[in-house]
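# Descriptive analysis of the structure
The lines below spell out each chain.
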Amino acid sequence: MAEPFPKDYDPRTVEPKWQEFWEREGIYRFDWEDRERPVFSIDTPPPYPSGDFHMGNVLNWTYFDVVARYKRMRGYNVLFPQGWDCHGLPTEVRVEQKHGITKTEVSPEEFRRLCMEFVEENIEAMKKAIRRLGYSIDWSLEYKTMDPDYWRRTQLSFVLLYKKGYIYRAQHPVNWCPRCGTAIADAEVEYATRVDKLYFVRFPLADRPGEHLSIATTRPELIPACVAVAVHPDDERYQAYVGKELLVPFVDRRVRIFADEMVDPEFGTGVVMICTYGDKEDVRFVARHGLPVIACIGEDGRMTERAGKYAGLTIEEAREAIVRDLEAEGLLVKVEPITHEVGTCWRCHTPVEILVREQWFMRVRDLTDKVVKKALEEIRWFPDYMKWRLVEWARSLDWDWVISRQRVFATPIPAWYCARCGHVIVAEPEWLPVDPKKEPPRLDACPRCGCREFKPETDVLDTWFDSSITCAVHAGWPDRPDWRRFFPADLHPSGYDIIRTWAYYLMVRHLALFDEVPFKACLINGMVLGTDGRMMHKSYGNYVPATEPIERYGADATRWWAIAGGTTGSDVPFRWEEVRHGWRFLRKLWNAARFTYLQLEGFGPGESKPELQLLDRWLLSKLARTVQVATEALEECRFNTALMAIRDFTWHVFCDHYIEAVKHRLYNPELHGRESRRAAQHTLYTALYSIVRLLAPFCPHIAEELYQRIFRPFEGHKSVHIAPWPEPPEGFPDSEAEKAGDLVVTVIGAVRREKAKRRLPLNAPLEAILVFAPESWQAEAIRACEADVLGTCKARRLEVSVGEGEGEEVRGYPGLRISIKP
Ligand SMILES: [Zn+2]
Ligand SMILES: [Zn+2]
């Protein structure tokens, strides 16, 4: 206790000091060998290294850091790793932009090098932000999915799933982004509302010269890929035409008119063309009726040979050209505006095409029943209703997961093909990690035809294929023989926007690989909204970088916003007011702690327990309830309920009432006795030490600073973050003490209000306070606290009578009246 206690709290110096201390002392180090403490493992999301740790990340990380810290104090051995999800389109697109190139303009090796360089820089920037916010990560467990050692795990999971029959290669329509030049999964298609044009086009009837049907389409450029036309079976306008044939304009092709329930007779003319492929409905239709596939759009987003004279044009160019030609031929009836949903690439927002290409798939639909059952029966969700997002997504899927991508910066698919017979050779586990483009398979010859030449698979894996094995990887799979001890993860945190990707893919991967759920509980956070109530986004002009509140008010106040801003799972608006409120609270706490520290001189918490007075018992009872409420709330991830309970107790009970009411006992031991001072000291010590520990998961820096200054010499734990979580003080709560104490502090408040009303200064001496109490317990309670009432109100005399009398009625106590004599 030698260091002076500064008057003001300065997070700028305090926060970095403890961040260094925690790391230096290994406070958050996971102990793999510990067999005593129970394990609590967190499936930390490996973020995409964008370079920017934004307010959404702050919200997310603060949630699970609170859990990690709480569990550590509850005696758990907490596994809290941090990885980086390096691969994938976002990185490639950013590198292409940064260097003004496309992936095909430099060699794959060079492109990969540029990507890795970009990722490393961004990781450094984000790591700095994560450290600056004081998250209790064990950095010895850091990993990057682009490292060959992580490849090995991703590839091993691929090989094992292939051997189990969960992975297959097939020709199947896939969502395709022509700009990114790759297949993408259903989960990566975003729907945007757009205003487009609806073209009404005449298709001549094949055997009835001069007659035609009009179809309506938003995609006239797909006319060369038209393989059928359909009407609703009940649509009387067209029943006579079903089974007849139409001539497709510009291509020499007859197509049949089908009757099919899927056609909406209200849309356009009620006649639609089926193209390969305009949308998923087309895919279903073509499969149902066994129609041919005519791919008139290529992987690069240009028209193919099959588009005839439009070959080589971009989609947009082809649309314009075809519309011009339709008009010239007199086949364009009219054009109307239409508002509709268009599927676009999540990354670059280019409209997605549906192409057929040989791809690798994971057989996820076979797992749907299992996913649904486990999600509902074995996993706890915070908040509970979020489970339906996963269940509904799993049930809605009509295609398997396409896991191959036609990109560069990703984990290679560990496979080759026989150059002669095309036989697929998938790597054996002991060949991993492997880049098939650089190494041949470890086989002398093709097992099917004996050929000695192989072609590498050049496709790579979807990034989600890397990150959807984290629960097993964090546990040490496949290297630790005892990895199952740390699996499934106890907590999987996620934003509600990625339940359909991350939570879903984790489920299918771990269920298929290990026949076990990846996590026991799922903690969902909402999105961060800007001050204008819209999603916080750079392009909306409502963006606040996380560094701003941290620099102005510190990490603890920024974390305060994340917790106080809303309930778990709800969207949280960013409000400076909330950050400032946190900051004001921390200052209040600092002042109260400084007061306590100065008053504890000569006090030893180990000494015999002093005789407590009524207000001491009142405070400890309120403290006991606060501990109960906060603990219950934290067990259910209701962080904001816990924090508000801690705030209300600290601010409004401890600071506003208790400290004020015991100052005179602390200042004047000669008047009230040493024992009464010791009772106040004991109560201050107990309450503040509990407050500091209750607050430690939320505002770890100030908690550590106060702990080290005031409590460590007595308590001995190296850090507050490994001190035990507070228990209600022994013998509390005590309802009687609480009831009586509530009355006494209300009476003190009423006296102070009377002083204010008479324009007397708060410290003005009073000759007497007169109280008339209708009930005898009230009189007893007030008399029992005579010294505290007189001392706090600076009065010489207290007269308490039972019965009716004159004076101001005290709020909340009908018939109880007070008056003061200056
Ligand atoms: Zn794209
Ligand atoms: Zn072969």
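Our subject is the structure listed above.
Presented here is an overview of the structure given in this document. It should be emphasised that the depicted structure is a prediction, and the values quoted were computed from it without experimental measurement.

A few words on the environment of Arg29. Within the secondary structure, Arg29 sits in the loop between helix H1 (11-25) and strand E1 (39-41). What makes Arg29 partly exposed here is its relative accessible area of 49%. Once the C-alpha coordinates of Arg29 and Asp616 are considered, the two residues, 587 residues apart in sequence, prove to be 39 Å apart. Side-chain polar atoms of Arg29 contact the side chain of Asp138, separated by 3.3 Å.

The next point concerns the packing of aromatic side chains. Across all of its chains, the model carries 44 aromatic pairs by this definition. Ring centres of Tyr553 and Trp583 lie 6.4 Å apart, and the angle between their planes is 55°; this geometry places the pair in the tilted category. Of the two residues, Tyr553 sits in helix H13 (residues 547-553) while Trp583 sits in helix H15 (residues 576-599), which places them 30 residues apart along the sequence. Tyr553 gets classed as buried once you look at its relative accessible area, which sits at 12%. With centroids separated by 5.0 Å and ring planes inclined at 75°, the aromatic side chains of Tyr685 and Phe711 adopt a geometry described as edge-to-face. Here Tyr685 is found in helix H19 (residues 674-695), whereas its partner Phe711 is found in helix H20 (residues 700-715), with 26 residues between them in sequence. Owing to a relative accessible area of 4%, Tyr685 belongs among the buried residues under this scheme. Note on Phe711: relative accessible area 0%, which makes it buried. Every member of this aromatic cluster is reached through a ring pair, and the members are Phe158, Tyr162, Trp360, Trp401, Trp464, Phe465, Tyr504 and Tyr505. We note Arg69 situated over the ring of Trp22; from NZ or CZ to the ring centre the distance is 5.0 Å. The ring of Trp139 has Arg131 sitting right over it, with the charged end atom 5.1 Å from the ring centre.

For the rest of this paragraph, the subject is the side chain of Thr631. Mapped onto the secondary structure, Thr631 falls in helix H16 (residues 614-635). Classification of Thr631 as buried rests on a relative accessible area of 15%. With sequence-adjacent residues up to four places away left out, Thr631 is seen in contact with Tyr70, Arg74 and Trp725.

At 2.2 to 2.4 Å from the zinc ion (ligand 1) lie its protein donor atoms, namely Cys177 (SG), Cys180 (SG), Cys345 (SG) and Cys348 (SG). Mapping the donors of the zinc ion (ligand 1) onto the primary sequence gives the spacing C-x2-C-x164-C-x2-C. With a gap of 165 residues between them, Cys180 in the loop between strand E5 (167-177) and strand E6 (182-184) and Cys345 in strand E13 (residues 332-345) connect regions that are remote in the sequence. Judged by its relative accessible area of 1%, Cys180 falls in the buried class. Residue classification places Cys345 among the buried positions, given a relative accessible area of 0%.

Of the two faces of strand E18 (residues 415-418), both are covered, the one formed by Ala415 and Tyr417 as well as the one formed by Trp416 and Cys418. As defined by bridge partners, E18 adjoins strand E19 (residues 424-426) across three bridges and the pair is classed as antiparallel. Bridged to Ala415 within E19 is Val426. Note: E18 against strand E20 (residues 454-456), three bridges, orientation antiparallel. The residue of E20 that forms the bridge with Tyr417 is Lys455.

Right, let's get into the coordination of the zinc ion (ligand 2). The coordination sphere of the zinc ion (ligand 2) contains the protein donors Cys418 (SG), Cys421 (SG), Cys446 (SG) and Cys449 (SG), at a distance range of 2.2 to 2.3 Å. Between the four donor atoms coordinating the zinc ion (ligand 2), the angles at the centre fall across 103 to 116°, so the site counts as tetrahedral. Of note, the donors binding the zinc ion (ligand 2) are all from one chain and are spaced C-x2-C-x24-C-x2-C. Exposure remark for Cys421: the relative accessible area of 27% places this residue in the partly exposed category.

This brings us to the layout of surface pockets. Of the voids in this model, the second largest pocket is the one considered here, and its volume is about 1300 Å³. Lining the second largest pocket are 43 residues, with Thr218, Arg219, Gly278, Asp279 and Glu341 sitting closest to its centre. Put simply, the parts of the chain that give the lining of the second largest pocket at least two residues each are strand E7 (189-204), strand E8 (212-217), strand E12 (272-275), helix H6 (280-289), helix H7 (315-328), E13 and strand E14 (353-362). Sort the elements by how many residues they give to the lining of the second largest pocket and E13 lands first, with five residues. Of the residues contributing to the lining of the second largest pocket, the split by class is 18 nonpolar, nine polar and 16 charged.

Turning to the nonpolar core, a few remarks are in order. Grouped together as the largest cluster of nonpolar side chains are 155 residues, with contacts concentrated most on Phe639, Phe654, Phe698 and Ile769. In this structure, Phe654 is in contact with Ala592, Thr596, Leu619, Phe649, Ile659, Leu684, Ala687, Leu688 and Ile691, ignoring residues within four places of it in sequence. Judged by nonpolar contacts, the second largest core, of 119 residues, contains Phe158, Cys226, Trp431 and Trp502.

Evaluation of the coordinates by the stated rule reveals four cavities of 30 Å³ or more. Along its surface, the largest cavity is lined by 17 residues, and Ala185, Asp186, Trp399, Asp400 and Trp401 are the ones closest to its centre. Listed by contribution, the elements that provide at least two residues to the lining of the largest cavity are E5, strand E16 (401-402) and helix H12 (499-514). Examining the composition of the lining of the largest cavity, we find that three residues originate from one element, H12, more than from any other. Considering only residue class, the lining of the largest cavity consists of 13 nonpolar, one polar and three charged. Estimated volume of the second largest cavity: approximately 100 Å³. Lining the second largest cavity, in full, are Gln19, Trp22, Glu23, Tyr28, Ile130, Arg131, Gly134, Tyr135, Ile137 and Trp139. In terms of residue count, H1 provides more of the lining of the second largest cavity than any other element does, three residues in total. Looking at side-chain class alone, the lining of the second largest cavity contains six nonpolar, two polar and two charged residues.

So, on to the state of the cysteines. Here the structure, examined in full by the defined rule, presents zero disulfides. A disulfide-free cysteine, Cys226 has its sulfur positioned 4.9 Å from the sulfur of Cys275, the nearest such atom. Residue Cys226 is classed as buried on the basis of its relative accessible area of 0%. No disulfide involves Cys793; its sulfur sits 11 Å from the nearest other cysteine sulfur, which is in Cys785.

The next thing to look at is the sheet that holds E18. Across the sheet, three strands lie side by side as E19-E18-E20; this open sheet has antiparallel pairing. Every interior strand has two partners, whereas the edge strands, E19 and E20, have only one. Ignoring which end each strand starts from, the neighbouring axes of this sheet average 30° apart.

Rules used throughout
- Residues numbered from 1 in each chain as written.
- Chains lettered and ligands numbered in written order.
- Predicted model: local features only at pLDDT ≥ 70, side-chain atom pairs only at ≥ 80, totals over all residues.
- Heavy atoms only, no water.
- Helix = DSSP H or I, 4+ residues; strand = E, 2+ residues; numbered from the N terminus.
- Buried < 20%, exposed > 50% of the residue type's maximum accessible area, 1.4 Å probe, protein only.
- Polar contact = N/O pair within 3.5 Å; in protein donor to acceptor, adjacent residues only side chain to side chain.
- Phe/Tyr/Trp six-rings, centres within 6.5 Å; stacked < 30°, edge-to-face > 60°.
- Lys NZ or Arg CZ within 6 Å of the ring centre and 35° of its normal.
- Contact = heavy atoms within 4.5 Å.
- Donors = N, O, S within 2.8 Å, 3.2 Å for Na, K, Ca; no water.
- Pairing = 2+ DSSP bridges.
- Tetrahedral: all angles 85-135°; square planar, octahedral: opposite > 155°, others 65-115°.
- 1 Å grid on protein atoms, 1.4 Å probe; cavity = no way out; pocket = protein on both sides within 12 Å on 5 of 7 lines; lining within 4 Å.
- Points joined across faces, edges and corners; volume = space filled by probe spheres on them.
- Nonpolar A, V, L, I, M, F, W, Y, C, P; charged D, E, K, R; others polar.
- Core = buried A, V, L, I, M, F, W, Y, C linked by side-chain atoms within 4.5 Å.
- Disulfide = S-S within 2.5 Å.
- Axes fitted to C-alpha atoms, helices over the stretch in contact; angles between N-to-C directions.

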